[in-house]
Amino acid sequence: MKEKILLAFIGIILSFTAIRAQSHADLYSKDIKAKNLKEHVYILASDSCAGREVGSLGIKIARDYIVSQWEENAVLQAYFEKTCLQAFSLLTFEKKVPHLQTNNTELFSDKDFMYSGMFDRFNKELPLVFAGYGREEDYKNLDVKGKAVFTLNDNLRAAVRNARIAKEHGAELSIVANPKSSTQFESIALQFEDFNRFKKCRLPNTIDMEDAMSGLPNHRYMTISSKSVKKLTGKSIQHWKNEAIVGNEPIGEIKLSVEPMKVDTIVENNVVAYIPGKNANESIIIGAHYDHLGTVDNKIYYGADDNASGVSALIELSKAFAKAYQDGYKPEKNIIFAAFSAEEGGIWGSKYFADQLENKEQVKLMINIDMIGRADYHHENDPGYFYFIGKHLADSLYTQEKQLSKKYKLTSNYSSITDYSDNKSFSEIGIPSIFFFDGKNHDLHKPTDTVNKVNYKRMEKISRMIFECIWRNALVSKN
């Protein structure tokens, strides 16, 4: 009996010792739980937020939610004077759908043809002339001034060459089809299907209206599906593949109407709070973008993984560090938590924030969290797989990350597959940056990026690992 009591006592002592040996970072990281992360994702990727498009009511709802999470915590301080919000202006550009008709038949944009070039007010009927493969020698005996030109090119990605030559010979419009591949048009159209639907934006100080228009080609051209050539000309593409150039006689007439690009100015906001460090002259920044692609054709692009997952981690990280701070564990460096807007349209929110930093050299590290809710389509059977993308990092940070990945039973990939997220705004001005990233999954930038497909236990593990990474680099210690 005495031996059992003694063994039990020793067990208690050993357990107590093990707990004492456990790092303080471990204790506070355990406050980051899958159920809390899930709650944030379900709110940010809800019908109410409607895809969080810049300038929309949905993104305002998401923004107000983030603000509410930070304002209820007394430790977190507003980064700007009396506010967490950093307002900035955006120019938004919206292209109208062009219309093409021939022989009383309408051809449809992105299904039959893709239009590029000038977006001004244009509405004309034009004679259509065949010019072979659109080479210089093909125009030797042709007069195409003021006309539309139909040409061939074995690679539609080089169709701009046909358009440039046609423009030099006075053509109003160049239409290009591929006689070699019957599917290239559809392949390109599929790649640009979502991209063409979404709102484009710029910071006003990076572009003005004149620059916006001059950045587009000064000619009009379109590529056309091989299957739609018969609708355009009355004859199949195989016919034209074997047809010689016979002169200036039109092969038909087309009517093209284009409307000017719509330009608006909107105001967006970054949401930024921080925990003060003992050395107020040094900071690290933790960022995640909260915008997404909005609603198109009555379909909500929820953005659960991209990037409600990253914002949810950002919120829980801030809460865990705030609790540690209240218990006397304070960072040497300021820890700045930033939810950026306008990432999808060109990382404009983070760029504005980075450009406004007064003492950039005082920022010792930027950590960006963009998509941590599921593994990419190459590693669907390994839910712990993620990408660690670094720029300007000391070797010790890679060593540290390998240790943390092993500790949290995660599989890290250190290849720089992309840096086109908010970390780029900081790495471009020399600030060391880390990008924690899923990689691309099958639902990226689609309405199917929904809350039910996020792996919340995975999010928990990666968020806890990021917590310890921040803890070490912010030099948190007992006050």
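Just so you know, these numbers come straight off a predicted model, no measurement behind them.

## Describing the side chain of Thr-223
- Among the structural elements, Thr-223 can be located in strand 10 (residues 220-224).
- Apart from residues no more than four positions distant in its own chain, Thr-223 is found in contact with Asp-112, Phe-113, Met-114, Leu-156, Ala-159, Val-176 and Phe-185.

## Observations concerning the sheet that holds strand 5 (residues 113-117)
- Pairing is mixed across the open sheet formed by 8 strands, whose spatial order is 4-3-11-6-7-8-10-5. Lying at the two open borders of the sheet, with one neighbouring strand each, are strand 4 (105-107) and strand 5. The average angle at which neighbouring strand axes cross in this sheet is 30°, direction not considered.
- Sheet topology note: the strand 8 (residues 173-177)/strand 10 ladder contains 3 bridges and is parallel. Pairing of Ile-175 across the sheet is with Met-222, part of strand 10.

## Points about the pairing of strand 18 (residues 363-370)
- For strand 18, the buried fraction is high: 7 of the 8 residues fall into the buried class.
- Pairing of strand 13 (residues 279-289) with strand 18 involves 5 bridges; the strand directions are parallel. Directly across from Gly-287, in strand 18, lies its bridge partner Asn-368.
- With 5 bridges connecting them, strand 18 and strand 21 (residues 433-437) associate as parallel partners. Bridging from a neighbouring strand, Asp-370 pairs with Phe-437 of strand 21.

## Structural notes on the environment of Asn-123
- Along the chain, the position of Asn-123 falls in strand 6 (residues 122-130).
- In this structure the C-alpha to C-alpha distance between Asn-123 and Ser-257, which are 134 residues apart in sequence, comes to 4.2 Å.
- In contact with Asn-123, other than residues within four places in its own chain, are Lys-255, Leu-256 and Ser-257.

## Quick notes on the pattern of salt bridges
- Tallied over the entire structure, the rule returns 20 salt bridges.
- Between Asp-443 and Lys-453 there is a salt bridge, and its shortest N-O distance comes to 3.3 Å. Taken together, the residues Asp-443 in the loop between strand 21 and helix 14 (456-474) and Lys-453 in the loop between strand 21 and helix 14 connect sequence positions 10 residues apart.
- Lys-453 sits in the partly exposed class, given a relative accessible area of 33%.
- Linked through salt bridges whose partners overlap, the residues forming this network are Asp-26, Lys-407, Glu-468 and Arg-472.

## Observations concerning helix 3 (residues 34-44)
- Ala-34, Leu-37, His-40, Val-41 and Leu-44 are the residues of helix 3 that are buried. Buried residues along helix 3 cover an arc of 125° about the axis, so they all sit on one side.

## Examining the environment of Ala-34
- Looking at the secondary structure, you find Ala-34 in helix 3.
- Overall, the relative accessible area of 10% leaves Ala-34 in the buried class.
- Residues Ala-34 and Asn-205, 171 residues apart in the sequence, show an inter-C-alpha distance of 41 Å.
- Ignoring any residue separated from it by four or fewer positions in sequence, one finds Ala-34 in contact with Tyr-456, Lys-457 and Glu-460.

## Notes on the pairing of strand 8
- Taking burial as the measure, the 5 residues of strand 8 include 5 buried ones, the bulk of the element.
- On strand 8, burial covers both faces: Leu-173, Ile-175 and Ala-177 on one face and Ser-174 and Val-176 on the other are all buried.
- In this sheet, strand 8 lies alongside strand 7 (residues 148-152) in parallel orientation, the contact comprising 5 bridges. If you follow Thr-151 over to strand 8, its bridge partner there is Val-176.
- The handedness of the strand 7 to strand 8 crossover, carried by helix 5 (residues 159-168), is right-handed.

## Some words on the packing of aromatic side chains
- According to the stated counting rule, one finds 25 aromatic pairs in the structure shown.
- Seen in terms of ring centroids, Tyr-79 and Phe-353 are 5.7 Å apart; in terms of plane orientation they differ by 45°. Their pairing is tilted. With Tyr-79 in the loop between strand 1 (77-78) and strand 2 (85-94) and Phe-353 in helix 11 (residues 348-356), this pair connects stretches of sequence that are 274 residues apart.
- Ring centres of Phe-130 and Phe-150 lie 5.9 Å apart, and the angle between their planes is 40°; on these two criteria the pair is classed as tilted. Of the two residues, Phe-130 is situated in strand 6 and Phe-150 in strand 7; the sequence distance between them amounts to 20 residues.

## A short note on the state of the cysteines
- Evaluated as defined, the whole model comprises 0 disulfides.
- Looking at the unpaired Cys-201, the closest cysteine sulfur is the one in Cys-49, lying at 18 Å.

## A word on the confidence of the model for the protein chain
- Looking at the protein chain, pLDDT values average 89 and 91% of them are 70 or higher.
- Every residue in residues 6-22 scores below 50 in pLDDT, and together they form 2 contacts with partners more than four places removed in sequence or on other chains.

## Things to note about unusual backbone geometry
- Asp-306 connects to Asn-307 through a cis peptide bond whose omega is 0°.
- With respect to the secondary-structure elements, Asn-307 resides in helix 10 (residues 304-326).
- Notably, Asp-297 is not glycine yet its phi reads approximately 50°, a positive angle.
- Here Asp-297 shows up in the loop between strand 14 (295-296) and strand 15 (299-300).
- Classification of Asp-297 as exposed rests on a relative accessible area of 55%.
- Although it is not a glycine, His-392 adopts a positive phi angle of roughly 65°.
- Counting through the fold element by element, His-392 comes out in the loop between strand 19 (385-391) and helix 12 (395-407).

What counts, and where the lines are drawn
Residues numbered from 1 in each chain as written. Predicted model: local features only at pLDDT ≥ 70, side-chain atom pairs only at ≥ 80, totals over all residues. Heavy atoms only, no water. Helix = DSSP H or I, 4+ residues; strand = E, 2+ residues; numbered from the N terminus. Contact = heavy atoms within 4.5 Å. Pairing = 2+ DSSP bridges. Axes fitted to C-alpha atoms, helices over the stretch in contact; angles between N-to-C directions. Buried < 20%, exposed > 50% of the residue type's maximum accessible area, 1.4 Å probe, protein only. Salt bridge = Lys/Arg side-chain N within 4 Å of Asp/Glu carboxyl O. Arc of directions from axis to C-beta. Right-handed = clockwise from strand over helix to strand, strands pointing away. Phe/Tyr/Trp six-rings, centres within 6.5 Å; stacked < 30°, edge-to-face > 60°. Disulfide = S-S within 2.5 Å. pLDDT = per-residue confidence, 0-100.

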